[in-house]
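Coordinate inspection notes
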Amino acid sequence: MDFAQGSCIDFVKVLASSEPVPGGGGASALVGAIGTALGNMVGSLTVGKKKYADVEAEIIALKAKCDGLQDMFLAQIAADAKGFEPLAKAYGIPKDDPNRDKILEEATITACQVPIRIMELACEALDAIAVFAEKGSRLAVSDAGCGAVCVKAALQAASLNVFINTKTLKDRKTAEEMNQKCLGMLDKYCAMADGIFNSVKDGFFK
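First, a word on scope: everything that follows refers to the structure included in this document.

About the cut-offs
- Residues numbered from 1 in each chain as written.
- Predicted model: local features only at pLDDT ≥ 70, side-chain atom pairs only at ≥ 80, totals over all residues.
- Heavy atoms only, no water.
- Helix = DSSP H or I, 4+ residues; strand = E, 2+ residues; numbered from the N terminus.
- Buried < 20%, exposed > 50% of the residue type's maximum accessible area, 1.4 Å probe, protein only.
- Contact = heavy atoms within 4.5 Å.
- Areas by Shrake-Rupley, 256 points an atom, 1.4 Å probe, with all protein chains shown as cover.
- Lys, Arg positive; Asp, Glu negative; His and termini not counted.
- Charge placed at Lys NZ, Arg CZ, Asp CG, Glu CD.
- Salt bridge = Lys/Arg side-chain N within 4 Å of Asp/Glu carboxyl O.
- Core = buried A, V, L, I, M, F, W, Y, C linked by side-chain atoms within 4.5 Å.
- Axes fitted to C-alpha atoms, helices over the stretch in contact; angles between N-to-C directions.
- Parallel < 35°, antiparallel > 145°, perpendicular 65-115°, else oblique.
- Left-handed = near helix turned anticlockwise from the far one by under 90°.
- Nonpolar A, V, L, I, M, F, W, Y, C, P; charged D, E, K, R; others polar.

Quick look at the overall build of the protein chain now. Along its length, the protein chain carries six helices and zero strands. With respect to the principal axes defined by its C-alpha atoms, the protein chain has extents near 70 × 35 × 30 Å. The 206 residues of the protein chain split such that 43% are buried. The long-range share in the protein chain, meaning contacts at least 24 apart out of those at least 6 apart in sequence, stands at 75%. Surface summary for the protein chain: the accessible area is close to 10700 Å², and the carbon and sulfur share equals 61%. Taken together, the 23 basic and 26 acidic charged side chains of the protein chain have centroids lying 4 Å from each other.

Now the structure itself:
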């Protein structure tokens, strides 16, 4: 099932069930798409307004970028389910099978790839939302703040889907490389998201 094509009701029901997918990765991807779309809405409400004519070209370009990011986020829902499948099967291999450890190791690395990609997309989305928040329509600035919060959640949630797997890897060099990449994104972009949120929030009390 391509969960991105179903209803929100169906997605949430399956997410709450004992089914292995969608899980945290798929949920992260959906939340990332929603957050990106919220930022993109600010762009849509900015384009065509005389007050923002001087930034219109930049906003139009950002909107096109976010259109692509939204699609890529949604594509990660199915990709995450596909990436987790080998790991789910590997756990079912009998412990006395001599190939189990090798298969499990490879499957674990595979399962990390989509959550890392979701994090990368989240970073790109936050770069765009920062511009929407700064230069977009003041009437919709709250949506840029909401978008930043949602994308930050996607970034953090996706990271946990990496860390739970890197913890079990026997190849510690590969594990640490993935961990450091994720921690770097968290350090930079969680701070950026918080900055956007606080800037938007504080603007309502001036």
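What follows covers the pattern of salt bridges. As enumerated under the stated definition, the model contains ten salt bridges in all. One salt bridge in this structure joins glutamate 120 and lysine 181, with 2.7 Å as the shortest N-O distance. With glutamate 120 in helix H4 (residues 100-135) and lysine 181 in helix H6 (residues 172-203), this residue pair connects regions lying 61 residues apart in the sequence. We classify glutamate 120 as partly exposed; its relative accessible area is 23%.

Looking now at the nonpolar core. If you look at the biggest cluster of nonpolar residues, it comprises 49 residues, and the most contacted ones within it are Phe73, Met119, Leu126, Phe132, Leu155 and Ile196. When residues in this core are grouped by element, the largest group, 15 residues, is from H4. Here isoleucine 196 is in contact with Leu126, Ile129, Ala130, Ala133, Ala144, Gly145 and Ala148, once residues within four sequence places are set aside. Of all hydrophobic cores here, the second largest spans six residues; its members include Leu87, Ile93, Leu104 and Ala111.

Time to look at unusual backbone geometry. As a rule of thumb, non-glycine residues mostly have phi less than zero, and peptide bonds are mostly trans rather than cis. For the peptide bond that leads from valine 21 to proline 22, omega is 0°, which places it in the cis range. Within the secondary structure layout, proline 22 lies in the loop between helix H1 (8-15) and helix H2 (24-44).

Running from N to C, helix H3 (residues 56-90) and H4 point in directions that differ by 165°, and their axes come no closer than 9 Å. Comparing their axes, H4 and H3 come out roughly antiparallel. Crossing hand, H3 versus H4: left-handed. Partitioned by chemical class, the residues of the contact of H3 with H4 number 23 nonpolar, four polar and eight charged.

Here the focus is the packing of H2 against H3. Following both chains from N to C, one finds H2 and H3 inclined at 165°, their axes separated by 8 Å at the closest point. By the angle class used here, H2 and H3 are roughly antiparallel. As H2 packs across H3, the resulting crossing turns out to be left-handed. In contact with Gly25, Gly26, Ala29, Leu30, Gly32, Ala33, Thr36, Ala37, Asn40, Gly43 and Ser44 of H2, H3 contributes Ile59, Lys63, Cys66, Asp67, Leu69, Gln70, Phe73, Leu74, Gln76, Ile77 and Asp80. Looking at side-chain class alone, the contact of H2 with H3 contains ten nonpolar, nine polar and three charged residues.

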